[in-house]
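Summary of the model geometry
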Amino acid sequence: MDDKQHVECSDSDDLFGDYDGLLEDESFSAELDRASEPAAEVRHFLSEPVADAARDDVPCGQREAKRRKVHGHAAPGTDDGKPRGVARRSVSERVKKTLRGNAASPAGLSRSVAMKEAALSREVSGAAEAVRAHRRDLGPFFGLPGKVRDLLFTLRGIRSLYAWQETCLRLDSVSERRNLIYTLPTGGGKTLVAEVLMIRELLCGQRDCIFVLPYVALVQEKVRGLAVLGLELDFLVEEYAGSKGRFPPVSRRGRRSLYVATIEKAHALVNALIESDALRGVGLLVVDELHMLGSGSRGALLEITLAKVLHLSRDTQIVGMSATLGNIGELRTFLKADNYRDDFRPVDLKEYVKLGDGIYEADGEEEDGFRLCRRLKLNYSSAMQKADPDHIVALVTEVIPEHSCLLFCPTKKNCENVAAMICKYLRRDFLARRQTEKEALLRRLRDCGAGRLCPLLSRTVPLGVAYHHSGLTADERRLLEDAYAAGVLCLLACTSTLAAGVNLPARRVIVRSPLVARAALTTGQYKQMAGRAGRAGLDTRGESILVLQEAQRDKVASCVDHLEEFLRGTLLFVQRERQRVRLEDVVPSCVDLLKVKGLLHAEGRNLQVTQLGRATFKGCVDVIHSEVLYQDLQQGLEGLLLDSYLHLLFLVTPYDLAAACTPDWMTFYTQMSSLSASELKMCAAVGVPESLVARMAAGQSVSKSANMCVAKRAYLALVLMLLLKDGDIWGVAQKFQLTRGFVQSLLSSAAAFCTCVLHFTQELERLWPYRSLLEALTRRLSYCVKTELIPLMEVAGVTEARAKQLHAAGYTTPTHLASADVALLVRTVEHLSRKRANQMVATAKMLLDEKAAALQQEVDRLLAVPPRPPDLTRPSQVT
């Protein structure tokens with residue numbers, strides 16, 4: 001389950017006052033019209049994407065730090081005024097340069113922007129304080145059990161921490177969960193501090209962590225090193241590198257997960273978590289080698305990943321570490337982080353809007369921005385229509401009592417009024433459901449009130465309904481929360497403090513109004529409420545319904561405004577003055593680029609992601625290449641070559657690697673001469689006829705229309721095909737006049753891009769023929785070994801040579817490894833140390849745990865109780 005969320009409210013504070021608009025329609029509309037900002041930010045709400053581990057990290061000697069400094073929040077940047085002397089280069093070039101390189105000095109902020117930054121800082125600090133109040137202290141080792149300290153000694157030989165490590169772990173930044181950047185020279189033990197922070201987040205905070213590392217090998221190494229700790233401390237270590245990783249991640253039935261990911265996979269993981277409205281389930285994101293923010297396209301990808309986390313999940317702590325950082329001031333401003341330095345060496349949710357008796361989805365392609373899904377079938381008397389003009393009873397009785405429902409109201413008084421009104425119209429058979437447990441709940445409520453019981457709760461609880469707000473005592477709220485979580489109560493009418501506090505999921509979330517008292521509901525507040533619906537692992541599906549009045553239909557805020565808001569949280573915005581980039585230029589330029597590439601549909605300032613745009617997002621495909629990829633896949637459907645891997649390999653050859661390749665044209669021609677007639681036909685179809693390669697090999701000129709990028713990709717596809725056939729990296733590299741490192745990098749990149757293309761095709765129905773083909777190809781590219789070795793290669797850290805040894809010794813599956821006796825394994829497999837054997841067994845067990853969880857999730861889905869059939873005697877019961 002996701003951990004408790006605290007963004008703006010505490011359990012004891014109520015933002016709504018005594019405002020009650022349930023039965024005062026004219027007053028409600030009048031107050032709405034006077035709201036300082038547009039109230040119904042509906043389209044934005046609904047269109048938002050929601051070597052050995054110890055060896056390098058623990059130096060041989062322990063020595064005291066010479067110098068330590070702890071810094072607070074960085075000075076804010078400058079105001080967004082018009083910069084002087086804007087260069088004439090295109091905005092896209094300026095943006096690209098800014099994203100791909102960081103400079104050295106921060107700018108200052110105007111007083112107004114500084115005040116906004118200070119307010120945001122207070123908000124984040126408040127959220128951290130609220131989260132910290134619900135964290136558990138598990139023992140003497142920095143809040144962790146002594147078992148963690150013992151394991152570090154047993155597994156890694158670490159008897160004690162360095163002085164700087166202890167100092168860092170006791171910083172206010174750590175205890176208060178503020179973002180932190182810490183810098184130390186290489187080999188000083190930075191990663192050990194990060195591991196302690198992540199284990200504490202996993203065990204004490206009960207939230208997942210993401211650990212971002214720059215390279216696949218580092219990810220695999222860290223997975224091996226952490227797997228034993230995971231088994232001993234009961235958390236999962238999941239590898240997100242190359243072709244590995246599930247999107248979205250599999251629900252783990254209450255167990256926490258540590259996602260160890262490369263930069264690219266971390267970006268894909270964050271996107272998937274946003275898409276499934278699960279990003280708030282990540283409590284800590286750690287970035288190793290933070291200086292990579294200034295290194296080319298990967299640095300830009302890391303920046304946008306961090307910006308998304310900062311923008312959409314403010315209570316996710318971000319910790320970055322590096323040996324050196326030349327632009328620490330700007331990074332502190334961007335991440336809103338403290339700095340520590342020393343010289344010592346990371347369920348499907350449907351969102352709807354209710355207008356009148358219609359249930360709508362936001363749809364930018366519709367004339368009025370909404371698409372009608374269905375209409376409520378109402379059987380309301382005139383008296384009931386007057387008491388319930390917004391048809392709340394009809395909405396809640398579609399799901400209760402079989403499933404749970406949360407009804408968010410704008411005020412405490414409104415919660416009580418709505419709960420009473422709903423109970424007035426519920427069927428009497430609600431009384432018989434779990435009657436004994438309801439009676440026990442009433443007794444406990446009376447006991448905690450010293451013999452007194454709220455009269456309203458005494459009437460609503462027998463029907464499975466209660467209200468929940470800060471007017472109740474903490475004991476009363478806890479009893480109601482526990483009863484709701486156990487299914488004794490099926491409906492809570494609550495204020496937004498419930499969304500910001502305890503974790504109580506629901507099949508359906510109803511947001512009674514787009515106002516919080518008289519203020520407009522913010523995106524964060526709405527997402528927090530809607531996010532209670534269909535939490536992963538707790539329900540089979542979820543839906544949220546935002547109730548609007550007709551007068552609010554035309555007051556929808558535009559997504560362009562929120563795009564600008566998002567950009568204000570990026571490193572680009574921090575550097576805007578020095579880079580001479582204006583926000584008013586960047587946003588239209590970006591929107592125009594996305595429109596031209598068919599990823600975005602826009603009418604005025606209203607934006608809607610297209611199917612191609614959604615596929616690009618899901619597949620984490622570079623927007624520069626998504627259109628070309630779609631065209632290649634479309635063209636492939638007209639004559640897909642199935643008697644050879646060549647065509648599929650061409651489609652999954654990374655576009656960016658083609659630019660780094662210079663073909664040996666004579667080798668290219670020789671290899672083409674050995675192709676079958678169907679393979680030659682395929683090459684000609686994609687734009688690489690044999691005659692073109694022959695002319696290039698002979699040193700003759702070719703037509704200007706010839707696409708050299710396509711030719712290079714075809715050359716690399718031939719490299720991949722020979723690799724799949726022979727599996728000999730040395731021989732293939734020599735044959736194609738390429739380095740072994742490049743060939744191995746090509747294989748790894750193609751496997752990763754193959755998974756991207758697979759996710760891309762899953763969002764576009766027309767491309768369905770590719771799905772099963774790409775799944776099989778991903779496995780072949782990931783391991784590039786004989787079929788019988790593939791199961792062993794799935795275990796992190798098992799190389800082809802080691803897989804052959806294991807297979808020859810009789811260990812043919814991960815199950816064999818997971819159940820192996822370590823001593824026997826060491827004796828049986830040559831050159832296998834006991835430490836490596838322990839890691840291998842641990843990672844095999846972790847792999848089986850992951851597969852079991854995935855299978856269990858599928859079982860839960862198949863065995864889930866379906867929604868109750870419609871009650872033909874009550875027309876309002878609509879499924």
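Residues numbered from 1 in each chain as written. Predicted model: local features only at pLDDT ≥ 70, side-chain atom pairs only at ≥ 80, totals over all residues. Heavy atoms only, no water.

**Quick look at the overall build of the protein**
The helix and strand tally for the protein stands at 41 helices and 20 strands. Taken across its 879 residues, the protein has 54% of its residues classed as buried. By element, 52% of the accessible surface of the protein is carried by carbon and sulfur atoms, the whole surface being about 37500 Å². (Helix = DSSP H or I, 4+ residues; strand = E, 2+ residues; numbered from the N terminus. Buried < 20%, exposed > 50% of the residue type's maximum accessible area, 1.4 Å probe, protein only. Areas by Shrake-Rupley, 256 points an atom, 1.4 Å probe, with all protein chains shown as cover.)

**Considerations on the packing of aromatic side chains**
Two descriptors summarise a pair of aromatic rings, namely the distance from one centre to the other and the angle between the planes of the rings. All chains considered together, the criterion is met by nine aromatic pairs. On the numbers, 5.5 Å between centres and 85° between planes, the contact of Tyr 240 with Tyr 259 is edge-to-face. Placement of Tyr 240 in strand β4 (residues 236-240) and of Tyr 259 in strand β5 (residues 257-261) is noted, with a sequence separation of 19 residues between them. Take Tyr 240: its relative accessible area is 1%, and that puts it in the buried class. Clustering of aromatic rings is evident, with ring pairs tying together Trp 665, Phe 668, Tyr 715 and Phe 736. The residue whose ring lies beneath Arg 713 is Phe 650, and the NZ or CZ to ring-centre distance is 4.5 Å. In this structure, Arg 713 packs its charged tip against the face of Tyr 655, placed 4.0 Å from the ring centre. (Phe/Tyr/Trp six-rings, centres within 6.5 Å; stacked < 30°, edge-to-face > 60°. Lys NZ or Arg CZ within 6 Å of the ring centre and 35° of its normal.)

**Looking at the pattern of salt bridges**
Taken as a whole, this structure holds 28 salt bridges when the rule is applied. Put simply, Arg 207 and Asp 315 hold a salt bridge, and the shortest N to O gap is 3.6 Å. Here Arg 207 is found in the loop between α9 (190-203) and β3 (208-212), whereas its partner Asp 315 is found in the loop between α12 (296-312) and β7 (317-322), with 108 residues between them in sequence. In this structure, Arg 207 and Asp 315 share a single accessibility class: buried. Put simply, Asp 277 and Arg 280 hold a salt bridge, and the shortest N to O gap is 3.8 Å. Residue classification places Arg 280 among the buried positions, given a relative accessible area of 14%. Residues joined in a network through salt bridges with shared partners are Arg 374, Glu 398, Arg 508 and Glu 543. (Salt bridge = Lys/Arg side-chain N within 4 Å of Asp/Glu carboxyl O.)

**Re a nonpolar patch on the surface**
A contiguous nonpolar surface patch, about 310 Å² in accessible area, is contributed by Val 859, Leu 862 and Leu 863. Of note, Leu 863 is situated in helix α41 (residues 834-863). Judged by relative accessible area, which is 68%, Leu 863 ranks as exposed. (Patch = residues over 30% accessible without salt bridge, like charges linked within 9 Å, V, L, I, M, F, W, Y side chains within 5 Å.)

**Describing the nonpolar core**
In this structure, Ile 400, Leu 406, Ile 422, Leu 457 and Leu 489 are the most contacted members of the largest nonpolar core, which totals 68 residues. Per-element tally for this core: the top contributor is helix α16 (residues 412-425), with six residues. Judged by nonpolar contacts, the second largest core, of 62 residues, contains Ala 615, Val 652, Val 732 and Leu 764. (Core = buried A, V, L, I, M, F, W, Y, C linked by side-chain atoms within 4.5 Å.)

**Quick look at helix α36 (residues 770-783)**
Given 3.6 residues per turn, any residue in an α-helix points the same way as the ones three and four places further on. For α36, built from 14 residues, the straight-helix expectation of 20 Å at 1.5 Å per residue is met to within 8% by its first-to-last C-alpha distance of 20 Å. Buried residues of α36: Tyr 770, Leu 774, Leu 777, Thr 778, Leu 781 and Tyr 783, and no others. In the core, the buried residues of α36 are packed alongside α27 (623-637), α28 (646-651), α33 (708-726), α35 (740-762) and α37 (790-793). Phi for Cys 784, located one or two positions after α36, is positive at around 50°. (Expected span 1.5 Å × (residues − 1). Contact = heavy atoms within 4.5 Å.)

**Some words on the packing of α35 against α36**
The geometry of α35 relative to α36 is characterised by a closest axis approach of 9 Å and an angle of 160° between their N-to-C directions. Classified by the interaxial angle, the pair formed by α35 and α36 is roughly antiparallel. In the crossing of α35 with α36, the sense of the turn from one axis to the other is left-handed. Listed contacts from α36 to Leu 747, Ala 750, Ala 751, Cys 754, Thr 755, Val 757, Leu 758, Thr 761 and Gln 762 of α35 are Tyr 770, Arg 771, Leu 774, Glu 775, Leu 777, Thr 778, Leu 781 and Ser 782. The residue makeup of the contact of α35 with α36, split by class, is ten nonpolar, five polar and two charged. (Axes fitted to C-alpha atoms, helices over the stretch in contact; angles between N-to-C directions. Parallel < 35°, antiparallel > 145°, perpendicular 65-115°, else oblique. Left-handed = near helix turned anticlockwise from the far one by under 90°. Nonpolar A, V, L, I, M, F, W, Y, C, P; charged D, E, K, R; others polar.)

**As for helix α11 (residues 263-275)**
Here α11 contains 13 residues, and its C-alpha end-to-end distance of 18 Å stays within 8% of the 18 Å for a straight helix at 1.5 Å per residue. Ile 263, Lys 265, Ala 266, His 267, Ala 268, Leu 269, Val 270, Asn 271, Ala 272, Leu 273 and Ile 274 are the residues of α11 that are buried. Positive phi shows up at Asp 277, right after α11, with a value of about 55°.

**Comments concerning the confidence of the model for the protein**
When pLDDT is averaged along the protein, the result is 77, and 75% of the positions lie at 70 or above. In this model residues 1-92 is a low-confidence stretch, pLDDT under 50, and it forms 280 contacts with partners more than four residues away in sequence or in other chains. This stretch, residues 130-134, has a pLDDT under 50; its non-local contacts, to residues over four places away or in other chains, come to nine contacts. (pLDDT = per-residue confidence, 0-100.)

**With respect to the pairing of strand β6 (residues 282-288)**
Extensive coverage of β6 is indicated by the burial of seven of its seven residues. As paired elements, β3 and β6 share five bridges and run parallel to each other. Across the sheet, residue Phe 211 finds its bridge partner in β6, namely Val 286. Judged from the five bridges that link them, β6 and β7 form a sheet pairing that is parallel. Its bridge partner being in β7, Leu 285 is matched across the sheet by Ile 318. (Pairing = 2+ DSSP bridges.)

**Observations regarding the pairing of strand β14 (residues 491-494)**
Side chains of β14 alternate between two faces, with Leu 491 and Ala 493 and Leu 492 and Cys 494 buried alike. Where strand β12 (residues 405-408) meets β14, four bridges bridge the pair, whose relative direction is parallel. Residue pairing across strands places Leu 407 opposite Ala 493, the latter belonging to β14. For strand β13 (residues 465-468) and β14, the ladder comprises four bridges, and the chain directions are parallel. Within β14, the residue paired with His 468 across the bridge is Cys 494.

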